[in-house]
Amino acid sequence: MTKQPEVLKIVILYAILGCIWIYLSDSLLIWIVRDPLIIGQVAMFKGLFFILSTSCLLFFLISRLNTKLKRSTSELHKSESHLKTLIQAIPDLVWLKNKDGVYLSCNLEFERFFGAKQSEIIGKTDYDFVGKDLADFFREHDLKAVKAGRPTINEEWITFSDDGHHALLETIKTPVRNNNGELIGILGIGRDITARKQMEDELRESEDKFRLTFSFSPEAININRLEDGLYVDVNDGFSRITGFTRDDVIGKTSLELNIWADVNDRNVLAQGLKDKGFYENMETKFRRKDGKLITGLMSAKIITLKGVPHIISISRDISKRKQYERELLKMEKLESLGILAGGIAHDFNNILTGVTGNISLANMHLDATHKSSKPLAAAEKAALRAGELAQQLLTFARGGEPMKKIVSPRHIVEEALSLILHGSNVKEIVDIPDSIHAFKADEGQISQVFHNIIINATHAMPTGGTLTIIGRNETLNDHNKLSLTPGEYLRLIFADQGCGIPGDDITKIFDPYFTTKSTGNGLGLASAYSIITKHGGCINVSSVVGEGTTFTIYLPSLGETYSLDQVNALPLEHNTKIGNSVLVMDDDAIVREIAESMLKHLGYEVTTCVDGDEAVELYKQASKSDTPYYAVIMDLTIPGGLGGKQAAKKILEEFPKAFLIVSSGYSNDSVMSHYKDYGFIGAINKPYSINDFKTVLNSLPM
């Protein structure tokens, strides 16, 4: 192609120069010479000169053409060498087939696939190197490229013959045509995409895992655009916790939805993200769709999605945890108060024992018409009120266990209602069926709880209203929301129609000394909380201002019903053992004196002592005499001395049938509620009266 123009140029140039030479030389010769002979000789010389000059010119032109041809050939060889080197160096598989599928060329990487040299591959087809199925696959895609008339792409798994490893190829097959548009072959380039495909699969798997985690996480996960805070996506956990559906929030901001209880918290979060790019464990309050406030623990981080900055936030509803923390703090407050209250109540009850005991004795010696009877009655009433306060304080005493017996919930409720609502304008509705289960409880303490709740209800309805009390049996499973031990429970609901409790106050109503009443002492509901907790139950409250308050109490039940006769069945009362000897041990002189006076009034012989060591010695001595002690009343706690529990153990070691009665104004362990476990036959609380002594002593065997 390149030689023809050069040769044509030489021929044309030669023809032009020859014509010019012949025409000019002949014309000039005829014009100068007239002699034909001379003209002939000159013409012969002219011809020889023309041949010589044109030969030199042809030599020059042909030499120049030959030089160009050599240079072009060298450059062509060099270009072919570069192209071959380039093709051989490509890590992809490169091959060229003719239109019949016969290989014309291939590179080194392709040689690895077939396990043969290029010279062994050229002139052969796929069927000479691979199985028929794979060869048919190759040929099918060759023809697809030819039919399409453009490059086509397909993926194919191959096995390299040189080392046996498998690879996934992305193959581009391009039909090759000559200048006339005729198909002369198919050029193929195959790239190993195994690693890329694996990365894509891993990325897809990672995305699937993220999507699953995002969708099914119990935590609230939301993605917001950083620029304007618009919600881009939320998961099911977000909808479950906040009550907002995806349709509710997508395309809106948290400010539009009024999700933040305190907008300043959002500003704190935004500043933290701006400073550090993330924010961890931010405790804040969110507003649900229904308006209810919940406490969330939120972490957020700035991420990039499709080149646009976004915020991904994960929030956990910790409302229950915060409630548990408040309950724990409440218990710690009660425990601290209990330590103080126990010490105060112990001494206070000893003093009250002297006061109430002397008033009780004085009343026995006076006629009802005596002018001192009324002041004494007033004094006794005041002392009893002081005793009630001391009893409430004792409820907080650390380790103070309730003295339980089988009780009827309906009986206690009805007693409390008759006492408190008598003469009031509050109507009661009691829905406690006969099938309600009995439970073991300290009747006095549970009565105190019911009294406190009912009194609060009457105060909340000064113009009248209805107090509804509902009792139901309930079985709690292992995963109950109240975190109570699974089993049978009694559920009691006290619902009034009063003024309700404001939200700021409802979290404090069980706190000691918290009260909204000008005449209240703040111990009523605090003691109720402590009593119910010590009985293995729980007490909850809900309230709507202007509509009323509902207290819900759960207490472990016996799982069966008891009639009132069964519940109140007591051992038959014996006649007073007149003349029997009783030993009283107490470190307080006033208590000893009043106990001695009361017991003597009941007809007993009385001996008193101040501590356990003396009591043990006196008991031993009396047991050897003709007048052994019929019973021993022992103070549980003797500061700096041997207390009732230790003294009882010593006496029972030698005299296992001894009648021992424990007495206390404050217990720092469970002896008072489980006195039989320590060998005692009865228990009596301070401050006590003549009737208390009479009841406990008359219950002893003959």
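See above for the structure.
Residues numbered from 1 in each chain as written. Predicted model: local features only at pLDDT ≥ 70, side-chain atom pairs only at ≥ 80, totals over all residues. Heavy atoms only, no water.

What about the overall build of the protein chain?
As a reminder, the rule being used: Runs of E in the DSSP output that reach at least two residues are strands. Runs of H or I that reach at least four are helices, and both are numbered from the N terminus. Buried, partly exposed and exposed residues are distinguished by accessible area as a fraction of the type maximum, computed with a 1.4 Å probe on protein chains only: under 20%, between the cut-offs, and over 50%, respectively. Contacts are assigned to residue pairs that have any heavy atoms within 4.5 Å of one another. The accessible surface values rely on the Shrake-Rupley method and a 1.4 Å probe; as for residues, cover is taken only from the protein chains in view.
Looking only at helices and strands, one finds 21 helices and 22 strands in the protein chain. Relative to its 702 residues, the protein chain shows a buried fraction of 39%. A sequence separation of at least 24 residues applies to 60% of the contacts in the protein chain between residues at least 6 apart. A total of about 39,500 Å² of accessible surface is found on the protein chain, and carbon and sulfur atoms cover 57% of it.

Overview of the pairing of strand 17 (residues 548-556)
Selection criterion: Whether two strands pair depends on DSSP finding at least two bridges between them.
The buried fraction of strand 17 is high, at seven of nine residues. Summarising the sheet, strand 15 (residues 487-495) and strand 17 pair through seven bridges and their orientation is antiparallel. Across the sheet, residue L490 finds its bridge partner in strand 17, namely L555. Sheet topology places strand 16 (residues 538-544) next to strand 17; seven bridges connect them, and they run antiparallel.

Thoughts on the packing of helix 13 (residues 409-420) against helix 14 (residues 443-460)
To be explicit about the condition: Every axis in this analysis is a line fitted to C-alpha atoms, fitted for helices over the stretch in contact. Angles between the N-to-C directions lie between 0 and 180 degrees. Orientation categories follow fixed angle ranges, with anything under 35 degrees roughly parallel, anything over 145 roughly antiparallel, 65 to 115 roughly perpendicular, and all other angles oblique. By definition, turning the near helix anticlockwise from the far helix through less than a right angle yields a left-handed crossing, and turning it clockwise yields a right-handed one. Put simply, Ala, Val, Leu, Ile, Met, Phe, Trp, Tyr, Cys and Pro go in the nonpolar bin, Asp, Glu, Lys and Arg in the charged bin, and everything else, Gly too, in the polar bin.
Direction vectors running N to C along helix 13 and helix 14 enclose 45°, while the axes themselves pass 9 Å from each other. For the element pair helix 13 / helix 14, the angle class is oblique. Where helix 13 crosses over helix 14, the two elements pack in a sense that is right-handed. Residue-level inspection shows P409, H411, I412, V413, E415, A416, L417, L419 and I420 of helix 13 in contact with helix 14, the latter providing E443, I446, S447, F450, H451, I454, I455 and T458. Across the contact of helix 13 with helix 14, the residue classes tally to eleven nonpolar, four polar and two charged.

Observations concerning the packing of aromatic side chains
Each aromatic ring pair is summarised here by two numbers: the centre-to-centre distance and the angle between the ring planes. Inclusion rule: Ring pairs are drawn from Phe, Tyr and Trp, using the six-membered ring of Trp, whenever the two centres fall within 6.5 Å, and their geometry is named by plane angle: stacked under 30 degrees, edge-to-face over 60, tilted for the rest. Counting as a charge over the ring demands two things of the Lys NZ or Arg CZ atom: a distance within 6 Å of the ring centre and an angle within 35 degrees of the ring normal.
Tallied over the full model, the rule gives 18 aromatic pairs. Their ring planes at 35° and their centres at 6.2 Å tell us that Y619 and Y629 sit as a pair that is tilted. With Y619 in helix 19 (residues 612-623) and Y629 in strand 20 (residues 629-635), this pair connects stretches of sequence that are ten residues apart. Both residues of the pair, Y619 and Y629, count as buried. The ring of Y279 has K276 lying over it, and the distance from NZ or CZ to the ring centre is 5.6 Å.

What to know about the sheet that holds strand 15
Sheet strands associate in pairs through backbone hydrogen bonding, adopting either a parallel or an antiparallel arrangement. Pairing within the open sheet is mixed, and its five strands lie in the order 12-14-15-17-16. Each end of this open sheet is capped by a strand with a single partner; those strands are strand 12 (426-431) and strand 16. Each neighbouring strand pair of the sheet contributes to a mean axis angle of 15°, computed without reference to strand direction.

Brief notes about the nonpolar core
Under the convention used in this document: To qualify as a nonpolar core, a set must consist of buried Ala, Val, Leu, Ile, Met, Phe, Trp, Tyr and Cys residues joined through side-chain atoms within 4.5 Å.
By size, the foremost hydrophobic cluster in this structure holds 36 residues, and its most contacted members are I446, F450, F494 and I553. Of all the secondary-structure elements, those providing two or more residues to this core are helix 13, strand 13 (439-441), helix 14, strand 14 (465-476), strand 15, helix 16 (524-534) and strand 17. The element best represented in this core is helix 14, accounting for six residues.

Side note on the sheet that holds strand 1 (residues 93-97)
The five strands lie next to each other as 2-1-5-4-3, forming an open sheet whose pairing is antiparallel. Edge positions in the sheet fall to strand 2 (103-106) and strand 3 (152-159), since each of these pairs with one other strand and no more. The average undirected angle you get between the axes of adjacent strands in this sheet is 25°. The sheet contact formed by strand 4 (residues 166-177) and strand 5 (residues 183-192) spans nine bridges and is antiparallel. If you follow P175 over to strand 5, its bridge partner there is I186. Along the sheet, helix 5 (residues 132-148) makes contact with strand 1, strand 3, strand 4 and strand 5, crossing strand 3 at roughly 165°. Strands strand 3, strand 4 and strand 5 of the sheet are contacted by helix 6 (residues 194-216), whose axis makes an angle of about 120° with strand 4.

Side note on the layout of surface pockets
Filter applied, for reference: The distinction between a cavity and a pocket rests on a 1 Å grid over the protein atoms alone: a 1.4 Å probe fits inside a cavity but cannot get out, while a pocket stays open yet meets protein on both sides within 12 Å along at least five of seven lines, and a residue with an atom within 4 Å of a point counts as lining. Grid points are joined across faces, edges and corners, and a volume is the space filled by probe spheres set on the points.
One number sums up the size of the second largest pocket: a volume of about 1,800 Å³. Every residue lining the second largest pocket is counted, 42 residues in all, and those nearest its centre are S319, Q323, R326, E327 and V541. With ten residues, helix 11 (residues 319-364) is the single largest residue contributor to the lining of the second largest pocket. Its residues placed into classes, the lining of the second largest pocket shows 18 nonpolar, twelve polar and twelve charged.

Topic: empty space enclosed by the protein
Counted under the stated rule, the structure contains one cavity of 30 Å³ or more. If you add up the space inside the largest cavity, you get close to 70 Å³. Along the walls of the largest cavity sit L93, W95, K97, Y103, F110, F113, D126, F138, E156, I158, L169 and K173, which together make up its complete lining. The element that contributes the greatest number of residues to the lining of the largest cavity is strand 1, accounting for three residues.

As far as function goes, none of this settles anything; it's purely spatial.
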